[in-house]
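# Fold and contact review
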Amino acid sequence: MLDYIIMGMVLEEELTGYDIVKEVQNSIGNFYKANYGRLYPALSKLAEKGFLTMREEMQGKRLKKYYQTTALGRQTFLNWLSAPVDPNAGGDFQLAQIFFYGELPKELRDQRLREYEALLEKTLQQLQQIESTLPSENLSDKDYFGISTLYYGFAQAHNTLRWLAYIREQKPLSQFLNDHNEQNKKEKRQ
């Protein structure tokens, strides 16, 4: 995933490794952590494969390396970005992919978001099937905390579906946060 994030970050502008880490921290850093120990080997590997260009420039007494995505890197990145969301890849991978969806044509972006919604609907159906087989009363501590993860899955899927509807329709994100906060208040009152 780091390779794609790097290529996405330097798709439109040259950045140093330090700049890339800062961009990641200031954008997708709430769900993905980039560190210098993994970043610099990835930058070298991507440059060797022809996915990035690397330009050196002296600034004072420091030699800075600037990276930017090549045509091959852009095509590789767009191929990854255009692929359907992988339901088994984990939330961080899915969010990283969606983070860059502004680079996709609207029709393809909408198609991928609808496919992801369909996967989540299927997940909810599977969770409901599992729930129907579980005891609901007189639970041991072991059962209680085991079953509680099922309900965490329900909450995550429902929240993700609501979020996907907002971003697919490109509603104001502040409206999503307001609606989310109102929903939380309503649930606390119940």
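This section reports on the structure supplied with the text. It should be emphasised that the depicted structure is a prediction, and the values quoted were computed from it without experimental measurement. (Residues numbered from 1 in each chain as written. Predicted model: local features only at pLDDT ≥ 70, side-chain atom pairs only at ≥ 80, totals over all residues. Heavy atoms only, no water.)

### With respect to the overall build of the protein chain
Applicable threshold: Helix and strand definitions here come from DSSP, where helices need a minimum of 4 consecutive H or I residues and strands a minimum of 2 consecutive E residues; each element is numbered from the N-terminal end. Here the globule rule is a power law, 2.2 Å times the number of residues to the power 0.38, and the radius of gyration is based on C-alpha atoms. Contact definition: two residues touch when any of their heavy atoms are within 4.5 Å. For the area figures, the Shrake-Rupley method with a 1.4 Å probe applies, and any residue is considered shielded solely by the protein chains shown. Positive residues here are Lys and Arg, negative ones are Asp and Glu, while His and the chain termini are left out of the count. Taken as the charge location is NZ of Lys, CZ of Arg, CG of Asp or CD of Glu.
Each helix and strand counted, the protein chain has eight helices and two strands in total. Along the protein chain, from the amino end to the carboxyl end, the secondary structure elements read α-α-α-β-β-α-α-α-α-α. Computed over C-alpha atoms, the radius of gyration of the protein chain comes to 21 Å, more than 25% over the 16 Å expected from 2.2 N^0.38 for 190 residues, which places it beyond the range of a compact globule. Projected onto the principal axes, the alpha-carbon positions of the protein chain cover approximately 70 × 40 × 30 Å. Expressed as a percentage of contacts within the protein chain between residues at least 6 apart in sequence, the contacts between residues at least 24 apart total 50%. Of the accessible surface of the protein chain, which amounts to about 12000 Å², a share of 50% is contributed by carbon and sulfur atoms. With 24 positive and 25 negative side-chain charges, the protein chain shows a spacing of 4 Å between the two charge centroids.

### Focus on the packing of aromatic side chains
The line we're drawing: Pairing of aromatic rings covers Phe, Tyr and Trp, the last counted by its six-membered ring, and requires centre-to-centre distances within 6.5 Å; plane angles under 30 degrees mean stacked, over 60 mean edge-to-face, and any other angle means tilted. Partly exposed residues are those whose accessible area sits between 20% and 50% of the maximum for their type, while under 20% is buried and over 50% is exposed, using a 1.4 Å probe and protein chains only.
What the rule picks out here adds up to eight aromatic pairs. Residues tyrosine 4 and tryptophan 80 carry aromatic rings whose centres are separated by 4.7 Å and whose planes lie at 5 degrees to one another, so their mutual orientation is stacked. Linking tyrosine 4 in helix α1 (residues 2-9) with tryptophan 80 in helix α4 (residues 71-82), this pair joins segments that are 76 residues apart in sequence. We classify tyrosine 4 as partly exposed; its relative accessible area is 25%.

### Digging into the packing of α1 against α4
Each packed pair of helices is defined by two parameters, the angle between the axes and the distance between the axes. The following threshold applies: Here an angle of 0 to 180 degrees is reported between the N-to-C directions of two axes, which are lines fitted to C-alpha atoms, with helices fitted over the stretch in contact. To sort the angles, those under 35 degrees are grouped as roughly parallel, those over 145 as roughly antiparallel, those from 65 to 115 as roughly perpendicular, and the leftovers as oblique. Crossings are sorted by hand: turned counterclockwise from the far helix by less than a right angle, the near helix makes the crossing left-handed, and turned clockwise it makes it right-handed. In the scheme used here, Gly and all other residues not listed as nonpolar or charged are polar, with Ala, Val, Leu, Ile, Met, Phe, Trp, Tyr, Cys and Pro taken as nonpolar and Asp, Glu, Lys and Arg as charged.
For the pair α1 and α4, the least separation of the axes is 10 Å and the interaxial angle reads 120 degrees. Between α1 and α4, the crossing angle belongs to the class labelled oblique. Regarding α1 and α4, the two cross each other, and that crossing is left-handed. Only Gly73, Thr76, Phe77 and Trp80 of α4 make contact with α1, whose side of the interface consists of Tyr4, Met7 and Gly8. A per-class count over the contact of α1 with α4 returns four nonpolar, three polar and no charged.

### Observations concerning the nonpolar core
Stated formally: What is meant by a nonpolar core is a set of buried Ala, Val, Leu, Ile, Met, Phe, Trp, Tyr and Cys residues, joined one to another through side-chain atoms within 4.5 Å.
Counting 42 residues, the largest nonpolar core has Ile5, Ile6, Ile20, Val24, Tyr32 and Leu52 as the members making the most contacts within it. Elements with a contribution of two residues or more to this core: α1, α2 (17-26), α3 (36-48), α4, α5 (91-99), α6 (106-132) and α7 (141-169). Ranked by residue count, the leading element in this core is α7, at six residues. Apart from residues lying up to four places away in sequence, isoleucine 20 is in contact with Ile6, Met9, Val10, Leu15, Leu39 and Leu43.

### Regarding the layout of surface pockets
Applicable threshold: We place a 1 Å grid over just the protein atoms. Points where a 1.4 Å probe fits but has no way out form a cavity, open points with protein on both sides within 12 Å along at least 5 of 7 lines form a pocket, and any residue with an atom within 4 Å of a point lines it. Grid points are joined across faces, edges and corners, and a volume is the space filled by probe spheres set on the points.
Volume-wise, the largest pocket comes out at about 860 Å³. Those elements that provide at least two residues to the lining of the largest pocket are α5, α6, α7 and α8 (173-189). If one sorts the elements of the lining of the largest pocket by residue count, α7 sits on top with eight residues. Classifying every residue of the lining of the largest pocket by side-chain character gives 17 nonpolar, twelve polar and three charged. The computed volume of the second largest pocket comes to approximately 220 Å³. As for the second largest pocket, its lining consists of Thr16, Gly17, Tyr18, Asp19, Tyr40, Arg62, Leu63, Lys64, Lys65 and Tyr67. For the lining of the second largest pocket, the elements supplying multiple residues, two or more each, are α2 and β2 (62-69).

### Structural notes on the pattern of salt bridges
Two side chains of opposite charge can pair, provided their charged atoms sit close to one another. Condition: The salt bridge criterion pairs a side-chain nitrogen of Lys or Arg with a carboxyl oxygen of Asp or Glu, the two atoms within 4 Å.
Within this structure, the stated rule accounts for nine salt bridges. Measuring nitrogen to oxygen at the nearest pair gives 3.3 Å for the salt bridge that ties glutamate 12 to arginine 74. One end of the pair, glutamate 12, is in the loop between α1 and α2; the other, arginine 74, is in helix α4, and 62 residues separate them in sequence. Between glutamate 182 and lysine 185 there is a salt bridge whose closest N-O contact spans 3.7 Å. Taken together, the residues span about one helical turn, with glutamate 182 and lysine 185 both in helix α8 at a distance of three residues. You can call glutamate 182 partly exposed: its relative accessible area is 44%. Residue lysine 185 is classed as partly exposed on the basis of its relative accessible area, which comes to 45%. Connected through salt bridges with shared partners, the residues Glu14, Arg55 and Glu57 form a single ionic network.

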